[in-house]
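# Structural features, examined
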Amino acid sequence: MNVRVRFAPSPTGYLHMGSARTAIFNWIYARQQGGTMILRIEDTDMQRSSEEMVRGIIEGMEWLGIDYDEGPYFQSDYIDKHREAVDRLLANGQAYRDFTPKEERDDAMIKRQVSEAARQGKERNPWRDLPVEESKARAAAGEPFVVRLRVPEAGSSVFEDIIYGRQERDFSEIEDLALMRSDGYPLYNLSVVVDDITMRISHVIRGQDHLMNTHKQILIYRGLGAEPPQFAHLPLILAPGREKLSKRRHGEIVSITTYRDRGFVPEAFFNFLVLLGWTPPGGEVLSRQRMLEVFRLDAIHKSNAIFNFAEGDPQSWTDPKAIWMNGEYIKAMPLDDLVPLVTGELRRAGLWQDDFDGNRREWLAQTIALLRERYRLLTDFPTLGRPYFVESLDFSYEQASIEKNLRKDPALKRLLPGLAERYAALGEFTHQTTEAALREYAAEEGVKAGLLINAARTALTGQSVGPGMFDIIAIMGHVRTVERLRHAATLI
RNA sequence: GGCGCGUUGGUGUAACUGGUUAACACGCCGCCCUCUCAAGGCGGAGAGCACGGGUUCGAGUCCCGUACGCGCUACCA
C-alpha cells in the first residue's frame, strides 16, 4: 500500500509541542515506509488564520527538520468540495436538514435541556424525519438550516486503532453531529474526512483527543462511499500533575520556538519529543536514521506522557531529561556541525569577533571542543563560556569562587603576580611549558601545585569549575593569562 | 451525568502470547579520579506494579468493581 500521511495543525502562530510530536511521528512513519508526508493547514476557523500564523508553524517544522512532500494545503481552499460532499450526503439520505433556529440552540437554558435529553438517551432530533420534499421546499424558501449526519438508530461502530486496539461505540451514544453550519460553512468533522479522501490519506496519525471523533468520521466516510484509512491515535502530552498542557496555563514552554531560543540542538529536541509516547528498543539516544530502522507505530504507548518541568525553577524550566539529552548531543555531535550553532549563539550575545572565522578559526573550534564536554545548552557557550570568548576582563567573578580559590590563602596575593611574571617570561606558551613552570614555581615557594592551579582557574575564568587548568591556559593564550593572573591579585 | 481511554520508583518507560530477587534511562545520594566540577568512572537508595475483590498451582500481565486522571459529548478545530 502506498503510505500517505498528513500533519494537519490549525494555524495558531507557533508550533505547539504536542503538534510537533504528532508531526514527528507522521514524518517518521512516512519516511520509514517510503510514503508521502503532507502538510495541511486546518484554517476553517477563518478568524484565527493568517499568513503569519502559518509561518510560525512552518518555521517550527523547519527548525526540527521535519520536511513534507506535498502542501501546505489549506483546508479553506476546499470548501466547495466540502459543500459538494454535504449535498451528496443530503441526496443519498445520509444527512438531513435541521431547521431549529440558531438562537434557540445557542440559548443556554435550551442547550441544557437538550443535553439533558441526550443524556437520558431519549428522543432523536425531530427534523430527522421531515419528509424530503418539505425539507427541500423550506430550504428553497430561504429558511436557514444546519445539516446533520443521520446516525443509525441501532448497532455500533467498530474500528481497529493501530495503537489503542479495537474500539467500539454504540450508535445510540453518537449524536447526529452537525456537518455544515447555517451560514453554509462546513464543520470540522466533515472537512477532515473530505480532505483526507481527496488527499488519499492512508494513515491518520493524530492525538488521542480524536479517538471518539473517529467513529463519527468513519460514518461520514461510509456515507460518502469511501473506504476509511487506518487510524493511529497518539497518547497526549500532559503537564506535571497530569493536567492539560496549555499555552494559557504554561506559557512559552509549550512553544517549539522557546527551545530554539534557549539553546536546544534541533536533533536533540526531536529525540526528546520522540520519547514522549514511545520507547525505542535499545537506548533512548538515537539518530533519525536509527529511528527509521526501529520505529513501529503499534509500539507507541497508550498512556499519556508527562512533560516534566518545575514552574519558577530556573534549573528545571523544562524537562530535565530534555536538557540532559541536549547535553548528550552537544558532546557527541560532529564538531563541524556544532561550531555553526555556537557561532549563532555568540553572534546573538554580541560576543562574536571577526577573526573567529578567520585567523582564530582553529582556535574557536578547539575552544568549543573543550567546553562542550560540560555544557548542556548552546546558550551555555555565551553565558558560562563568556570568559573564554572575551579579550578583556569583561566577565564576572563568582563570589563563591573568589572565596574558595583566591582568598583561601593570603599568600596568593603575592604568588599570583609571581606566577604571572614567570609566565610573562616564558618563550613557548603551551600546555606543557605552562604546567612545568607552575609546578616549578610551586615547589620553589613550598606550596602545593593545586593551590596555584585552582587560584588560576578562578583568575582566568571567574569560576571554580571548568576544564583542566592547562587546557584553559592554552586556550586563553599568553596575553590574557598574564593579565588575568595579575588582575586577580587585586581581588584578594 | 453518559461514553471512551489510561493508571508500574520523583519523572519517562521495560517486562514476549500469566511463571526467577520487577529491568533501563533521567534525576537524587555516596565513593573514586584529580588541579576544580555542573565532566568522567563506580556504587547506592527509591516502586512490589492506583485500590478492593476474583480466576489460576502461579497475575503487573486475565475478569469484575471503586477511585483518580485525560478525552469526547458545539452551527470549535
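Predicted model, so just to flag it, every value in this text is computed and none were measured.

Here is what the cut-offs are and how they apply
Residues numbered from 1 in each chain as written. Chains lettered and ligands numbered in written order. Predicted model: local features only at pLDDT ≥ 70, side-chain atom pairs only at ≥ 80, totals over all residues. Heavy atoms only, no water. Near = heavy atom within 4 Å. Polar contact = N/O pair within 3.5 Å; in protein donor to acceptor, adjacent residues only side chain to side chain. Helix = DSSP H or I, 4+ residues; strand = E, 2+ residues; numbered from the N terminus. Pairing = 2+ DSSP bridges. Axes fitted to C-alpha atoms, helices over the stretch in contact; angles between N-to-C directions. Salt bridge = Lys/Arg side-chain N within 4 Å of Asp/Glu carboxyl O. Buried < 20%, exposed > 50% of the residue type's maximum accessible area, 1.4 Å probe, protein only. Right-handed = clockwise from strand over helix to strand, strands pointing away. Expected span 1.5 Å × (residues − 1). Arc of directions from axis to C-beta. Core = buried A, V, L, I, M, F, W, Y, C linked by side-chain atoms within 4.5 Å. Contact = heavy atoms within 4.5 Å. pLDDT = per-residue confidence, 0-100. Lys, Arg positive; Asp, Glu negative; His and termini not counted. Phe/Tyr/Trp six-rings, centres within 6.5 Å; stacked < 30°, edge-to-face > 60°. Lys NZ or Arg CZ within 6 Å of the ring centre and 35° of its normal.

Turning to the protein's contact with RNA strand B, a few remarks are in order. Close contacts around RNA strand B come from 62 residues, with Arg181, Thr279, Arg374, Asn454 and Arg457 the closest. Within 4 Å of the protein, the atoms of RNA strand B are drawn from sugar and phosphate moieties in a proportion of 69%. At 3.1 Å from a phosphate oxygen of RNA strand B is found a side-chain nitrogen or oxygen belonging to Arg148. Residue Tyr188 places a main-chain N or O atom 3.0 Å away from a phosphate oxygen belonging to RNA strand B. Listing elements by their share of the surface near RNA strand B, those giving two or more residues are helix H4 (102–106), strand S5 (146–149), strand S7 (165–170), helix H8 (213–223), strand S12 (243–244), strand S13 (305–306), helix H13 (320–332) and helix H21 (449–461).

A few words on the sheet that holds S12. Read from one edge of the open sheet, three strands run S12-S11-S13, paired in mixed fashion. The open sheet has two edge strands with one neighbour each: S12 and S13.

Bringing the sheet that holds strand S8 (residues 178–180) into the picture now. Read from one edge of the open sheet, three strands run S4-S5-S8, paired in antiparallel fashion. Taken across any chain shown, the strands that pair with only one partner, and hence form the sheet edges, are strand S4 (95–98) and S8. Adjacent strand axes in the sheet meet at a mean angle of 40° when their direction is disregarded. Two strands pair when backbone bridges link them, and S5 and S8 are joined in this way by two bridges, in the antiparallel orientation. Bridge assignment links Val147 to a residue of S8, and that residue is Met180.

The final tally for this structure, using the stated rule, is 30 salt bridges. A network of salt bridges, in which partner residues are shared, links Arg6, Arg40, Glu42, Asp195 and Asp196.

Quick look at the pairing of strand S9 (residues 203–207) now. Judged by how many residues are buried, S9 sits mostly within the fold: five of five residues are covered. In this sheet, strand S10 (residues 230–234) lies alongside S9 in parallel orientation, the contact comprising five bridges. Counterpart to Arg206 in the pairing with S10 is His233. On the question of chirality, the crossover connecting S9 to the parallel S10 by way of H8 is right-handed.

To continue, consider the environment of Ser303. Structurally, Ser303 can be placed in the loop between helix H12 (288–294) and S13. Ser303 gets classed as exposed once you look at its relative accessible area, which sits at 52%. When the C-alpha atoms of Ser303 and Gln208 are compared, they prove to be 9.9 Å apart, with 95 residues separating the residues in sequence.

The next thing to look at is helix H20 (residues 431–445). Given 3.6 residues per helical turn, the α-helix brings residues three or four places apart onto the same face. The first and last C-alpha atoms of H20 sit 21 Å apart over 15 residues, in line with the 21 Å expected at 1.5 Å per residue. Along H20, the residues that are buried comprise Thr434, Ala437, Leu438, Tyr441 and Ala442. One side of H20 holds all its buried residues, which, seen down the axis, span an arc of 130°. Across from the buried face of H20, at angles greater than 90 degrees, the exposed residues are Gln432 and Ala443. Positive phi shows up at Gly446, right after H20, with a value of about 70°.

Turning to the nonpolar core, a few remarks are in order. Considering soluble globular proteins, one finds that nonpolar side chains tend to be buried as a cluster. Residues Leu64, Phe269, Leu273, Phe307 and Tyr423 are the most contacted members of the largest nonpolar core, which totals 150 residues. Looking at this core, the element that brings in the most residues is helix H22 (residues 469–489), giving ten residues. Not counting residues up to four positions away in its chain, the partners in contact with Leu64 are Leu15, Ala20, Ile256, Pro266, Phe269, Phe270, Leu273 and Arg288.

So, about the pairing of S5. Because side chains alternate across S5, one face comprises the buried residues Val146 and Arg148, and the other comprises Val147 and Leu149, equally buried. Bridging between S4 and S5 involves four bridges; their strand directions are antiparallel. Across the sheet, the residue bridging to Arg97 is Val147, located in S5.

This next bit is on the confidence of the model for chain A. Here chain A averages 88 in pLDDT, while 94% of its residues score no lower than 70. Contacts for the low-pLDDT stretch residues 118–122, under 50 throughout, to residues beyond four places or in other chains number one contact.

Attention now moves to H13. The end-to-end C-alpha separation of H13 is 18 Å, in line with the 18 Å expected for 13 residues at 1.5 Å each. Residues of H13 that are buried: Ala322, Ile323, Met325, Asn326, Gly327, Tyr329 and Ile330. Among the structural elements, helix H11 (266–274), helix H14 (335–348) and helix H16 (380–383) are those in contact with the buried residues of H13. Measuring from the backbone nitrogen of Lys321 back to the side-chain oxygen at the start of H13 gives 2.9 Å, which picks out Asp319 as the cap.

By secondary structure assignment, the location of Asp380 is in helix H16. For the buried Asp380, no salt bridge exists, and the shortest N-O distance to an oppositely charged side chain is 5.8 Å, to Arg376.

Considering all chains together, one arrives at 22 aromatic pairs under this definition. An angle of 25° between the planes, with centres 5.8 Å apart, marks the rings of Tyr259 and Trp317 as stacked. Here Tyr259 is found in helix H10 (residues 256–261), whereas its partner Trp317 is found in the loop between S13 and H13, with 58 residues between them in sequence. Ring plane angle 85° and centroid distance 5.2 Å describe the contact between Trp352 and Phe356, whose orientation is recorded as edge-to-face. We classify Trp352 as buried; its relative accessible area is 16%. Cluster of aromatic residues (ring-pair linked, three or more members): Tyr259, Phe264, Phe269, Phe272, Phe307, Phe309 and Trp317. The positively charged end of Arg83 is found above the aromatic ring belonging to Tyr185, 5.4 Å away from the centroid. In this arrangement the basic side chain of Arg347 is found over the ring face of Trp352, its NZ or CZ atom lying 4.4 Å from the centre.

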